[in-house]
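# Descriptive structure summary
So you can see what is in the structure, the chains are spelled out below.
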Amino acid sequence: MEKLYLVTNPGSSSRKYALYRDDELICKLHFEMEGKDVICTRKLPDGSKKKIAKEFKKLTDTVKYVKQILKDEGYLSEKMQLAAVIARVAATGDYFSHDHKVDHDCLERLKIAKKRAPLHVPVVAAEIEECVREFKDTPVLTISDSSFHNTRDSVHKYYAIDKDLADRAEIKRYGYHGLSIGSIANYLERHDLAAEKVVVCHLGSGSSVTALLDNRSYDTTMGYSPLEGLMMATRCGDIDAAAAIAIGRELKLSSDELEEYLNKKCGLLGVTGETDDMREVISLRDDGDERAKLAYNLYIYRIQKAIAQMAAALHGIDALVFTATIGERNAEIRRDIIAGLGYLGFNINDTKNAEGLGEHTHCVISTGSSKPIYVIATDETAAMIRRAQILLSRG
């Protein structure tokens, strides 16, 4: 019997599902609102699309229909059944720094996580609960987005607060983007590119910089939540706690409202006052918009500083990696970041950088005299499936 895996990716305005045979993509289902109705689009690896009409009005109802759609489209049958439903979880706490088969205890832990992170966890928690109800005979797995960072020493995990409080309330630096960074570490090893001291820049709508020592996480910029670290699309990144409190006081925000503001109203969006899309930021900057210019320069500077911090943590640096949407696709940003890293031994080959990945999964964009600079396509789903297989093998 073939083993199939269904990966769920719930968002605030859409629901995405991907069906895999081992690590081979079979199809994707994308649910989104179209007017007052929910529309499902089936997408195949060759790029072809098909709209599937279903009569329901709420995105929260999608799980009820996924299994039937997969059967109707011929993907599930007696000979082709799901081995697992997989959900990525980015949640605070030691429990969710590990992968789990969803059981009663896991569901109770999700309730606690929702209270601790009301902005990030409720959507995925609701999705997991619904998957457990609808896929009764199929294991539902939570794959941790933090577990790759469990190899870090305690000095990299703790804040300078009362340790008893930190342990009791689980207020520590868990780190995120672990699936992405883990996929990069796996790629480096498989393609004989790994070095002792590597810094990985995951640059997307959420961004982080991670130090790898012997291909294991040594330190990373994200902390208790994905808010810490770099300036991002809508997240402020590092900010003085007193400044955050002052924002809440000035805008008369509750603690939950302040957390939402720092996560959704800051970053590129906050500085430009117009957009969280880096392509639009660059266009506005080129048209002479001063706020867009400031946003772009802040973004570059914060990344350069984080790379330097990680190099300092490692006591040196042997190679640099760019990944995720912006890291993989934006040659100008890579060029401008590297322009400030000559003192670390990095210089960019403008021609190779402009060519980028193309149809490849990695490329080298450094000059012959530079330390290696790689662009590598991240594959978080493959990392999730590998981890799911390990979890299932434990019985």
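Before any of the text, the structure's been laid out above.
Given the structure is predicted, the values throughout are model-derived calculations rather than measurements. (Residues numbered from 1 in each chain as written. Predicted model: local features only at pLDDT ≥ 70, side-chain atom pairs only at ≥ 80, totals over all residues. Heavy atoms only, no water.)

## Re the overall build of the protein
Our working rule: What counts as a helix is a DSSP run of H or I of at least four residues, what counts as a strand is a run of E of at least two, and both are numbered from the N terminus. Every radius of gyration here is taken over C-alpha atoms, with the globule rule written as 2.2 Å times N^0.38, N being the number of residues. With a 1.4 Å probe rolled over the protein chains alone, any residue whose accessible area is under 20% of its type maximum counts as buried; one over 50% counts as exposed, and the rest are partly exposed. Note on definitions: a residue-residue contact is assigned when non-hydrogen atoms from the two residues lie within 4.5 Å. Per-residue accessibility takes into account occlusion by the displayed protein chains alone, with areas from the Shrake-Rupley method and a 1.4 Å probe. Charge assignment: positive for Lys and Arg, negative for Asp and Glu; neither His nor the chain ends contribute. Every charge is mapped onto a representative atom, which is NZ of Lys, CZ of Arg, CG of Asp or CD of Glu.
The number of helices and strands found in the protein is 14 helices and 14 strands. In summary, the protein has a C-alpha radius of gyration of 21 Å against a globular reference of 21 Å for 395 residues, a match within 12%. Principal-axis analysis of the C-alpha atoms gives the protein an extent of 60 × 50 × 45 Å. Residues classed as buried in the protein amount to 49% of the 395 residues present. Within the protein, contacts between residues separated by at least 24 positions form 61% of all contacts whose residues are at least 6 apart in sequence. For the protein, the exposed surface amounts to about 19000 Å²; the carbon and sulfur share of it is 48%. In the protein, which carries 55 positive and 59 negative side-chain charges, the distance between the mean positions of the two groups comes to 3 Å.

## Quick notes on the sheet that holds strand 10 (residues 207–213)
This is how it is decided: For two strands to count as paired, DSSP must find a minimum of two bridges between them. In this analysis an axis means a line fitted to C-alpha atoms, helices contributing only their contacting stretch, and an angle means the value between N-to-C directions, from 0 to 180 degrees.
As summarised here, the arrangement of the six strands in space is 11-10-9-12-14-13, forming an open sheet in which the pairing is mixed. Of all the strands in the sheet, the pair left with one neighbour each is strand 11 (216–220) and strand 13 (362–364). If you compare each strand with its neighbour and ignore which way they point, the axes differ by 25 degrees on average. Of the strand pairs in this sheet, strand 12 (residues 319–323) and strand 14 (residues 373–376) are connected by three bridges, and their pairing is parallel. Bridging from a neighbouring strand, Val321 pairs with Tyr374 of strand 14.

## A short note on the packing of helix 10 (residues 290–314) against helix 12 (residues 331–338)
Relative placement of two packed helices is described by the angle separating their axes and the distance separating the axes. What counts here: Here is the rule for angles: anything less than 35 degrees is roughly parallel, anything more than 145 is roughly antiparallel, 65 through 115 is roughly perpendicular, and the remaining ranges are oblique. Each crossing gets its handedness from the near helix: less than a right angle anticlockwise from the far helix is left-handed, clockwise is right-handed. Three classes are used: nonpolar for Ala, Val, Leu, Ile, Met, Phe, Trp, Tyr, Cys and Pro, charged for Asp, Glu, Lys and Arg, and polar for all others, with Gly counted as polar.
Running from amino to carboxyl end, helix 10 crosses helix 12 at an angle of 55 degrees, the nearest separation of the two axes being 9 Å. The orientation of helix 10 with respect to helix 12, classified from their angle, is oblique. The chirality of how helix 10 crosses helix 12 is right-handed. Across from Tyr296, Tyr299, Ile300, Ile303, Gln304 and Ile307 in helix 10, the residues of helix 12 making contact are Glu332, Ile333, Asp336 and Ile337. Split by residue class, the contact of helix 10 with helix 12 holds seven nonpolar, one polar and two charged.

## Considering the nonpolar core
Considering soluble globular proteins, one finds that nonpolar side chains tend to be buried as a cluster. Cut-off, in case you're wondering: Take the buried residues of types Ala, Val, Leu, Ile, Met, Phe, Trp, Tyr and Cys, join any two whose side-chain atoms come within 4.5 Å, and each joined set is a nonpolar core.
Formed by 40 residues in total, the largest nonpolar core has its most connected members in Leu203, Met278, Tyr299, Ile307, Leu320 and Ile337. Taken together, the elements giving at least two residues each to this core come down to strand 9 (197–203), strand 10, helix 9 (278–286), helix 10, strand 12, helix 12 and strand 14. Examining the composition of this core, we find that 12 residues originate from one element, helix 10, more than from any other. Excluding residues within four positions of it along the chain, Ile337 makes contact with Leu203, Ile300, Ile303, Gln304, Ile307 and Phe322. Cys27, Cys106, Ala113 and Val121 belong to the second largest nonpolar core, which has 38 residues in total.

## Considering helix 10
Along an α-helix, residues three or four positions apart point the same way, because every turn accommodates 3.6 residues. Test applied: To estimate the expected span of a helix, subtract one from its residue number and multiply by 1.5 Å. Two N or O atoms form a polar contact when they lie within 3.5 Å of each other; inside protein one atom must be a possible hydrogen donor and the other a possible acceptor, and for residues adjacent in sequence the pair counts only when both atoms belong to side chains.
Along its 25 residues, helix 10 runs 36 Å from first to last C-alpha, staying within 8% of the 36 Å computed at 1.5 Å per residue. Where helix 10 starts, the residue carrying a side-chain oxygen 2.9 Å from the main-chain nitrogen of Arg291 turns out to be Asp289.

## Some thoughts on the layout of surface pockets
Keep this limit in mind: Any residue with an atom within 4 Å of a point lines the site, the site being either a cavity, points on a 1 Å grid over the protein atoms alone where a 1.4 Å probe fits but cannot get out, or a pocket, an open set with protein on both sides within 12 Å along at least 5 of 7 lines. Grid points are joined across faces, edges and corners, and a volume is the space filled by probe spheres set on the points.
The calculated volume of the second largest pocket comes to roughly 730 Å³. What lines the second largest pocket is a set of 29 residues, and nearest its centre among them are Tyr159, Tyr224, Ser225, Leu227 and Leu262. The biggest single contributor to the lining of the second largest pocket is helix 7 (residues 255–264), with six residues.

## Here's the deal with helix 9
Stated formally: Think of the arc as the fan of directions from the helix axis to the C-beta atoms.
All of the buried residues in helix 9 are Met278, Val281, Ile282 and Arg285. Projected down its long axis, helix 9 carries its buried residues within an arc of 95 degrees, all on one side. Looking at the buried positions of helix 9, the neighbouring elements they touch are helix 8 (267–272), helix 10, helix 11 (324–329) and helix 12. Backbone geometry just after helix 9 places Gly288 at a positive phi near 95 degrees.

## Some words on the environment of Val121
Position of Val121 among the secondary structure elements: in helix 3 (residues 121–134). By relative accessible area, Val121 is classed as buried at 1%. For the pair Val121 and Ala324, spaced 203 residues apart in sequence, the C-alpha to C-alpha distance is 22 Å. Every residue in contact with Val121, bar those within four places of it in the chain, is listed here: Ala90, Ala91, Leu110, Ala113 and Lys114.

## Section: the state of the cysteines
In plain terms, the rule: In plain terms, two cysteine sulfur atoms within 2.5 Å form what is called a disulfide here.
Under the defined criterion, the tally for this structure stands at zero disulfides. Left without a disulfide partner, Cys131 is nearest to the cysteine sulfur of Cys106, which lies 12 Å away. Just so you know, Cys201 is unpaired, no disulfide at all, and the nearest cysteine sulfur is the one on Cys363, 14 Å from it. Judged by its relative accessible area of 0%, Cys201 is buried.

## Brief notes about the packing of aromatic side chains
Keep this limit in mind: Any two rings among Phe, Tyr and Trp, with Trp reduced to its six-membered ring, count as a pair given centres within 6.5 Å; such a pair is stacked if its planes are under 30 degrees apart, edge-to-face if over 60, and tilted if neither.
Evaluated as defined, the whole model comprises three aromatic pairs. Ring geometry for Tyr95 against Phe96: centres 4.9 Å apart, planes inclined by 85 degrees, an arrangement best described as edge-to-face. By relative accessible area, which is 14% here, Tyr95 ends up buried. A relative accessible area of 3% places Phe96 in the buried class.

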